[in-house]
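Read off the chains here:
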Amino acid sequence: MYTVEMHHDENSFTALSKMQYDLFCGNNKITRSILSFGILIFAVSHLNEWWAYLLVIYAIYLTSSTRMTATRAARKLKERLEKSGMSYPASRLRFENDALYILGLPERAEEEEAVLPYGSVSRIAEDATYFYVFRDSYGGYMVPKAALKGQEDVFRSFLEHKLQKTCYAGASPLSRLVSLVRRKRESGGGR
C-alpha cells in the first residue's frame, strides 16, 4: 500500500516530542492554563503591590512555556545520541491492509520487521511536515509528507479508515481552515 522511509534528525525529534505532548498531555495544558488565569486575575487585582508584577510575569511564563517540556526531552535525547556516537534512528514503514510493518535502517539480515496492528494504534496526527502514528503515549512513528509525493489526502483517508480514528491536525483552527480551502481548490472542488 504505502512504503516510506523516515530518517530522524534534531528537528524531527523535536516535532515528534511536541506532537506527543499535544496529544497526551491535555490535563497538563488545562491545569497550566487555569493556574495561569487564576494567578493573572489575582495579580491584576493587586497591581499596587510590587510582587503582583512578578506574578503577571509568572502567569505569562506558564501560558507560553507549555511545550518546553517536550522540547527539553528532545534535546536530552539528541545529547545522549551525540555522546554515545550513535546516529539518529531511521526506519522503513510499510502500511499494509492489516498492520504497519517497521524495519530499522540500515537493514540487518537478522533483524525482523516489527508489526503494529492498526487496532493497537492509540492516536494519529499531522502537522505541515509529517503524519504521526502513536502506538501509545510513550512513542510513535513519523511519515514525512514529502515522501507521499502529493498523496497526503489519500494517505490521511487511508489512515483514518484503517484505524477508525480522526487525524488530529496540530494547527490552529484558522490554519486548518486555510489548509482545507487550499486542498479543495487544488482538487478542483473550490470553484
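All figures in this text were calculated on a predicted structure; none of them were measured in a lab. (Residues numbered from 1 in each chain as written. Predicted model: local features only at pLDDT ≥ 70, side-chain atom pairs only at ≥ 80, totals over all residues. Heavy atoms only, no water.)

Our focus in this paragraph is the side chain of Gln20. Examined against the element boundaries, Gln20 turns out to sit in helix 1 (residues 10-24). Residue Gln20 is classed as buried on the basis of its relative accessible area, which comes to 18%. Gln20 has contacts with Cys25, Phe134, Ser137, Tyr138 and Gly139, leaving out every residue within four places of it along the chain. (Helix = DSSP H or I, 4+ residues; strand = E, 2+ residues; numbered from the N terminus. Buried < 20%, exposed > 50% of the residue type's maximum accessible area, 1.4 Å probe, protein only. Contact = heavy atoms within 4.5 Å.)

Here we take up the sheet that holds strand 6 (residues 130-136). Read from one edge of the open sheet, four strands run 7-6-5-8, paired in mixed fashion. For this open sheet the edge positions go to strand 7 (139-144) and strand 8 (168-169), each flanked by a neighbour on one side alone. Pairing geometry for strand 5 (residues 123-126) and strand 8, over two bridges, is parallel. Residue pairing across strands places Glu126 opposite Ala169, the latter belonging to strand 8. Across the sheet, helix 1 lies against strand 5, strand 6, strand 7 and strand 8, angled at about 60° from strand 6, the strand it touches most. The strands touched by helix 5 (residues 152-163) within the sheet are strand 5, strand 6 and strand 7, with strand 6 carrying the most contacts at an inclination of about 15°. (Pairing = 2+ DSSP bridges. Axes fitted to C-alpha atoms, helices over the stretch in contact; angles between N-to-C directions.)

Attention now moves to the environment of Ala125. Here Ala125 lies in strand 5. Through-space distance from the C-alpha of Ala125 to that of Asp22 is 9.9 Å; in sequence the pair is 103 residues apart.

Another point: the environment of Ser45. Along the chain, Ser45 falls in the loop between helix 2 (26-44) and helix 3 (51-64). At 2.7 Å, the side chain of Ser45 and the backbone oxygen of Phe42 are in polar contact. (Polar contact = N/O pair within 3.5 Å; in protein donor to acceptor, adjacent residues only side chain to side chain.)

Right, let's get into helix 4 (residues 68-84). Taking 1.5 Å of rise per residue, the 17 residues of helix 4 would be expected to cover 24 Å, and the 24 Å separating its terminal C-alpha atoms lies within 8% of that figure. Listed as buried for helix 4 are Ala70, Ala74, Lys78 and Leu81. Buried residues in helix 4, looked at end-on, bunch into an arc of 75°, giving them a common side. For helix 4, the exposed residues lying more than 90 degrees away from the buried face are Arg80 and Lys83. Structurally, helix 4 contributes buried residues whose contacts are with helix 1. In the stretch just after helix 4, Gly85 is the one whose phi turns positive, near 80°. (Expected span 1.5 Å × (residues − 1). Arc of directions from axis to C-beta.)

Position of Thr14 among the secondary structure elements: in helix 1. Apart from the residues lying within four places of it in its own chain, the contact partners of Thr14 are Thr71 and Ala74.

Another aspect to go through is the nonpolar core. One finds Leu93, Phe95, Leu100, Val133, Val143, Phe155 and Leu159 to be the most contacted residues of the largest nonpolar core, which totals 20 residues. Secondary-structure elements contributing two or more residues to this core are strand 1 (2-7), strand 2 (90-95), strand 3 (99-105), strand 6, strand 7 and helix 5. The biggest single contributor to this core is helix 5, with four residues. The contacts of Phe95, once residues within four sequence positions are left out, are Met1, Tyr2, Val4, Leu100, Tyr118, Val133, Val143, Phe155, Phe158 and Leu159. (Core = buried A, V, L, I, M, F, W, Y, C linked by side-chain atoms within 4.5 Å.)

Given a rise of 1.5 Å per residue, 19 residues ought to cover 27 Å, and the 27 Å separating the end C-alpha atoms of helix 2 matches this to within 8%. Of all the residues in helix 2, the buried ones are Arg32, Ser36, Ile39 and Ala43. Along helix 2, the residues classed as buried sweep out an arc of 70° about the axis, all on the same side. Opposite the buried face of helix 2, at more than 90 degrees from it, the exposed residues are Asn27, Ile30, Ile34 and Phe37. Elements in contact with the buried residues of helix 2: helix 1 and helix 3.

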